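# A structural walkthrough
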Amino acid sequence: MIWPRLMQRALLKRCLHLRNSLIQTKSGKGAGKNMSNETDANGRLDDILAGYGIERSNIIPILQAVQAEFGYLSVGSISAIAKYLRLSESVVYGVSTFYAQFKFVPVGKRLIRVCRGTACHVRGVSRVLDETSKLLGIDPGETTADLEYSLESIACFGSCALAPVMVVNDDVHGKVTPDKVKQILGED
Ligand code: FES
């Protein structure tokens, strides 16, 4: 069939694009991490990998474990996972980009998710998101330079009766107004 091949090609293209942009990020301003941190991270990664066999079926549990440890999947960890499982990096990228649960940039200590579902939209969540964005100085999808906050907009969180909804890590805040945002972020 032609369409699976087209999908495969599109996925591979997306993976390569993602990989290239990650490499650029890595060699950018934040690249100056000290060597001991890197060695420590490599050791932790090796420990995780050692807990699994090299069967391809372990790819998802390994990706989950690495993300749980580091908060995201770095270029280096993708390479190490690929090497460990004897797969190409594009296969590991392909699997990890298929699932929304995996992240490829560092996530802040506090993940702020603002619901953009219909109920929240109708009740003015755009102003809440704008205020959050203004206070943190970042747009949705970004993380502050000090890695304290990440901001995401999400589809319906499933708590429509509380709209507009904002979630800080696992804490759900309902009926949020722009005036309440500062207080929720703990910056009041
Ligand atoms: S639309 Fe926001 S929680 Fe449902």
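Because the structure is predicted, anything quoted here is derived from the model rather than measured.

As a further point, take the overall build of the protein chain. Helix and strand content of the protein chain: eight helices and four strands. Burial statistics for the protein chain: of 188 residues in total, 20% are counted as buried. Contacts in the protein chain between residues at least 24 apart in sequence constitute 61% of all its contacts with a sequence separation of at least 6.

Turning next to unusual backbone geometry. Most peptide bonds adopt trans geometry, and most residues besides glycine take a negative phi value. That bond from Ala-163 to Pro-164 is cis: its omega, -5 degrees, falls within 30 degrees of zero. Note on placement: Pro-164 falls in the loop between β2 (149–154) and β3 (166–168). Backbone geometry at Leu-147 places phi at a positive 60 degrees, although glycine is not the residue there. A count of 14 C-beta atoms within 10 Å places Leu-147 in the partly exposed class. Non-glycine residue Lys-175 carries a positive phi angle of around 50 degrees. Its location among the elements puts Lys-175 in the loop between β4 (171–173) and α8 (178–184).

This paragraph deals with the packing of helix α4 (residues 75–85) against helix α5 (residues 89–98). The N-to-C vectors of α4 and α5 enclose an angle of 115 degrees; their axes lie 8 Å apart at closest approach. In terms of axis orientation, α4 runs roughly perpendicular to α5. Crossing handedness for the pair α4 and α5: right-handed. Contacts between α4 and α5 involve Ile-78, Ser-79, Ile-81 and Ala-82 from the first element and Glu-89, Val-92 and Tyr-93 from the second. For the contact of α4 with α5, a count of residues per class yields five nonpolar, one polar and one charged.

For the rest of this paragraph, the subject is α4. Every buried residue of α4 is accounted for by Ser-77, Ile-78, Ala-80, Ile-81, Tyr-84 and Leu-85. Down the axis of α4, the sector holding all buried residues measures 165 degrees, keeping them to one side. Just downstream of α4, Arg-86 is the residue with a positive phi angle, here 55 degrees.

We now examine the nonpolar core. Counting residues in hydrophobic clusters, the biggest one holds 16 residues, and the most contacted among them are Val-114, Cys-115, Val-125, Val-128, Val-165 and Met-166. Among the elements that take part in this core, helix α7 (residues 125–136) stands out by supplying four residues, more than any other. Beyond its immediate stretch of four places on either side in the chain, Val-114 contacts Val-125, Val-128, Leu-129, Thr-132, Ser-153 and Met-166. Membership of the second largest hydrophobic core comes to 13 residues, among which are Ala-80, Ile-81, Tyr-84 and Leu-85.

In a beta sheet, neighbouring strands are held together by backbone hydrogen bonds and run either parallel or antiparallel to one another. A sheet is described by the order of its strands in space; here four strands give the open sequence β2-β1-β3-β4, paired in mixed fashion. Single-partner strands in this sheet number two, and they are β2 and β4. Pairs of neighbouring strands in the sheet enclose a mean axial angle of 20 degrees, with direction left out of account. Packing of α7 onto the sheet brings it into contact with β1 (110–115), β2 and β3, and relative to β1 it is tilted by some 155 degrees.

What counts and how
Residues numbered from 1 in each chain as written. Predicted model: local features only at pLDDT ≥ 70, side-chain atom pairs only at ≥ 80, totals over all residues. Helix = DSSP H or I, 4+ residues; strand = E, 2+ residues; numbered from the N terminus. Buried ≥ 20, exposed ≤ 12 C-beta atoms within 10 Å, placed from the backbone. Contact = placed C-beta atoms within 7 Å. Axes fitted to C-alpha atoms, helices over the stretch in contact; angles between N-to-C directions. Parallel < 35°, antiparallel > 145°, perpendicular 65-115°, else oblique. Left-handed = near helix turned anticlockwise from the far one by under 90°. Nonpolar A, V, L, I, M, F, W, Y, C, P; charged D, E, K, R; others polar. Arc of directions from axis to C-beta. Core = buried A, V, L, I, M, F, W, Y, C linked by C-beta atoms within 7 Å. Pairing = 2+ DSSP bridges.

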